[in-house]
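# Notes for the structure review
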Amino acid sequence: MQNTSTRDREKLDSNIYHTKPLGEVSHMESKEDISPTAQYDKKLDSKTLESTNNTETSSQQSNQTHNTDSINPQQITEDTSNANTTQTEKQQEKILGVLLGVGLALIIGAIVFCFAYFYLHATLKVSTLIGIMGLLVTLWTNKALPMGVVSLLPIILFPSFGILDTKSATANYANPIIYLFLGGFMIATATEKIGLHRVIAKWFLARFPKNTKGVISALGVASVALGTALSNSTVALLLLPVAMSITDNKILRTRFLLAVAFGASISGITTPIGSPPNLIYLGFLESQGLSGISFTTWIFMMAPLTFLMLFMMIKILSYGVSEESLNLSLFDSIHVNGTHKRLLVFIAALLVILLLNSPIRPFYNGLGFNENVILLAFGLMMFIPKIGFLDWDDTKSIPYEIIFLFGAGFCIATAFSQAELGGAFTSFFARFDGLPFIAFIFFACVFSIIATGFLSTTALIAILLPIIEVATQPFLSDTSRVLLMLVVTICASFSFMIPISTPPNAIVFAQGGIKAWDMIRFGFLLSLVGIVCVTLFSVWYWWSFLEVKPLG
């Protein structure tokens, strides 16, 4: 029993305590690529250690002789040559992949431009913008270039082709919403650094039955709890090693991993900082001069839907599995310390201030502070010595490429608005004018979920929002358009079927080793539930919270 406990604790240490830093998944994996010199040193050290172990009982003279004989210079030369060849082949493959990916993007961009100019008879400026969008979407999809690099291309391409001036293009990369996200990720980095997510996971696991349904429920509720302060991708990264350490049963582990992926996506709608599409939506409203949705109002609007979707997720993932008892003693070694309590106080204070800052009209006008400033201020407090939890080196784990992606989304939205590209879709949207608004909402939900199978959620929302805003102005009121854009934004987080559709799905699929078919069959059912729920909530609940008026 003692040996079993020791092995279990070693397993917990390897799966939970050594999580990858936020935003460094690919960076950490890239460290496994060893240079030829490092491979030579590694082999040399291995051979020397082996010869030393084999001659522990021999004399010093015999030991030295054996070490000298065990190192074959010819073998070392061959190993180094093979390593150099392998490294060269990898570099050539990488260069070829980049060239093919960029070439494909250029071809698709040219085809899209020709289609818009010669078939749709769009203006040269609009056709060029559509062609650039084809280029960017292809590069984001095939990942020939890093996401951050592609996200910065609008700064070069839009001024070069006369779509936006440089000042207008670069201003979008300093949108105030970006600093809301930056502050949230500073808090997320502190949470990961001190291991608060493990404490929260243990707390919820202890309060549910120690069986399959209980663990699925605990992981789902923990995802929502963490999602109140962290982004959905961060929640997935933090809970992934927890789910993988509970059992070796592949069927049960698949259900637990799906609970993390789906729960993280559901938690992403709970707060404005829960997922990138939420921030793009709020930033777009602000760029159009419309009043947005306050932090607390957003929570009141989304909390019922979050809990309903969480309940249905637990029901779907728990169906057809045995209720066997699980051993969760591995988590007994995790304890709450003063550092955990201090960060919890910070998060609680943040939520209280955000609550007090949110107006409840006509009874209470709030504190009047900008929520972006509040989140950034609390994020910067994480660096105060003896009070905070971070130092500047910890900022390396913040995913700045996501920040650039936000900027690209806002830049694209500005370009669409100035080019009046949405006007090209006015006739298409006008076909739905005669439909009941609830049917219009339903079709928007279906389209949003299907489209995320081909585009990232962030890119999709960045492209769709300006089109909806311009194309539906002739027959929808401001409130109806804001509600329609909100529906599309929320449904983008409810695409549970495709591994690449949402960040949590991609993270769990890449690192958890689950089958694509398992994600498709369970995700399809949950996506259907999401379509029905969002349609009903938008018409009969969210509508009462929206008071759309021009800013200022």
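Presented here is a report on the structure given in the accompanying data block. (Residues numbered from 1 in each chain as written. Predicted model: local features only at pLDDT ≥ 70, side-chain atom pairs only at ≥ 80, totals over all residues. Heavy atoms only, no water.)

Attention now moves to the overall build of the chain. The helix and strand tally for the chain stands at 24 helices and zero strands. For the chain, with 552 residues in total, the buried portion stands at 50%. For the chain, contacts bridging at least 24 residues in sequence account for 78% of all contacts bridging at least 6. (Helix = DSSP H or I, 4+ residues; strand = E, 2+ residues; numbered from the N terminus. Buried < 20%, exposed > 50% of the residue type's maximum accessible area, 1.4 Å probe, protein only. Contact = heavy atoms within 4.5 Å.)

Time to look at helix α7 (residues 147-160). Taking 1.5 Å per residue as the helical rise, α7 with its 14 residues ought to reach 20 Å, and the 21 Å between its terminal C-alpha atoms agrees with that figure. Taking the largest bend as the criterion, α7 deviates by roughly 25°, centred on L153, and proline P154 comes between one and four positions later. In the segment just after α7, G162 is the residue with positive phi, at about 75°. (Expected span 1.5 Å × (residues − 1). Bend = angle between axes of the 7 residues up to and from the residue.)

This part is about the nonpolar core. Among the nonpolar cores identified, the biggest contains 162 residues, and F262, Y281, L305, L486, I490, F494 and W542 are the most heavily contacted of them. Take this core: its biggest share by element is 12 residues, from helix α18 (residues 400-419). (Core = buried A, V, L, I, M, F, W, Y, C linked by side-chain atoms within 4.5 Å.)

Here we take up the pattern of salt bridges. Considering all chains together, one arrives at five salt bridges under this definition. Ionic pairing is found between E469 and R481, a salt bridge with its closest N-O pair at 3.2 Å. Placement of the pair is E469 in helix α21 (residues 457-471) and R481 in helix α22 (residues 478-492), with a sequence separation of 12 residues. The pair E469 / R481 is uniform in exposure class, with both members buried. One salt bridge in this structure joins D478 and R481, with 2.6 Å as the shortest N-O distance. Here D478 pairs with R481, and both are found in helix α22, just three residues apart, close to one helical turn. Looking at D478, the relative accessible area reads 36%, which means it is partly exposed. Taking relative accessible area as the criterion, R481 reaches 5% and is therefore assigned buried. Residues joined by salt bridges that share partners form a network here, namely K193, D391 and D394. (Salt bridge = Lys/Arg side-chain N within 4 Å of Asp/Glu carboxyl O.)

Tracing the backbone through its elements, the reader meets N505 in helix α23 (residues 503-512). For N505, the side chain forms a polar contact with the main-chain oxygen of F496, separated by 3.1 Å. Those residues in contact with N505 that lie beyond four places of it in its chain are A261, F262, S265, S495, F496, M497, I498, P499 and M519. (Polar contact = N/O pair within 3.5 Å; in protein donor to acceptor, adjacent residues only side chain to side chain.)

The N-to-C vectors of helix α11 (residues 212-227) and helix α13 (residues 250-267) enclose an angle of 25°; their axes lie 8 Å apart at closest approach. Viewed along their axes, α11 and α13 adopt a mutual orientation that is roughly parallel. Between α11 and α13 the crossing geometry is right-handed. For the pair formed by α11 and α13, the contact residues are T212, V215, I216, L219, S223, V224 and G227 on the first element and L252, R255, F256, A259, V260, G263, A264 and S267 on the second. Considered class by class, the residues forming the contact of α11 with α13 number nine nonpolar, five polar and one charged. (Axes fitted to C-alpha atoms, helices over the stretch in contact; angles between N-to-C directions. Parallel < 35°, antiparallel > 145°, perpendicular 65-115°, else oblique. Left-handed = near helix turned anticlockwise from the far one by under 90°. Nonpolar A, V, L, I, M, F, W, Y, C, P; charged D, E, K, R; others polar.)

The subject of this paragraph is the environment of L476. Among the secondary structure elements, L476 is positioned in the loop between α21 and α22. With relative accessibility at 12%, the residue L476 sits in the buried group. Sequence spacing of L476 and A430 is 46 residues, and the spatial spacing of their C-alpha atoms is 9.9 Å.

Looking now at the environment of L252. Along the chain, L252 falls in helix α13. We classify L252 as buried; its relative accessible area is 2%. Distance from L252 to V215, taken between C-alpha atoms, is 9.9 Å for residues 37 residues apart in sequence.

This brings us to the packing of aromatic side chains. Evaluated as defined, the whole model comprises 14 aromatic pairs. Ring geometry for F437 and W543: centres 5.8 Å apart, planes at 80°, overall edge-to-face. Note that F437 is positioned in helix α20 (residues 437-451) and W543 in the segment after α24 (516-540), a separation of 106 residues in sequence. Judged by its relative accessible area of 36%, W543 is partly exposed. Members of the aromatic cluster, connected to one another through ring pairs, are F537, Y541, W542 and F545. (Phe/Tyr/Trp six-rings, centres within 6.5 Å; stacked < 30°, edge-to-face > 60°.)

Next up on the list: unusual backbone geometry. Unlike most non-glycine residues, K386 shows phi in positive territory, near 70°. Mapped onto the elements, K386 comes out in the loop between α17 (371-381) and α18. Classification of K386 as exposed rests on a relative accessible area of 84%.

Below, the discussion takes up the packing of helix α10 (residues 196-205) against α11. Closest axis-to-axis distance for the α10/α11 pair is 9 Å, and the angle between their directions is 140°. As summarised for this structure, α10 and α11 are arranged oblique, according to the angle between their axes. Taken as a pair, α10 and α11 cross one another with a handedness that is right-handed. Within the contact between the two elements, α10 uses H197, I200, F204 and L205 and α11 uses V215, A218, V221, A222, A225 and L226. The class makeup of the residues in the contact of α10 with α11 is nine nonpolar, one polar and no charged.

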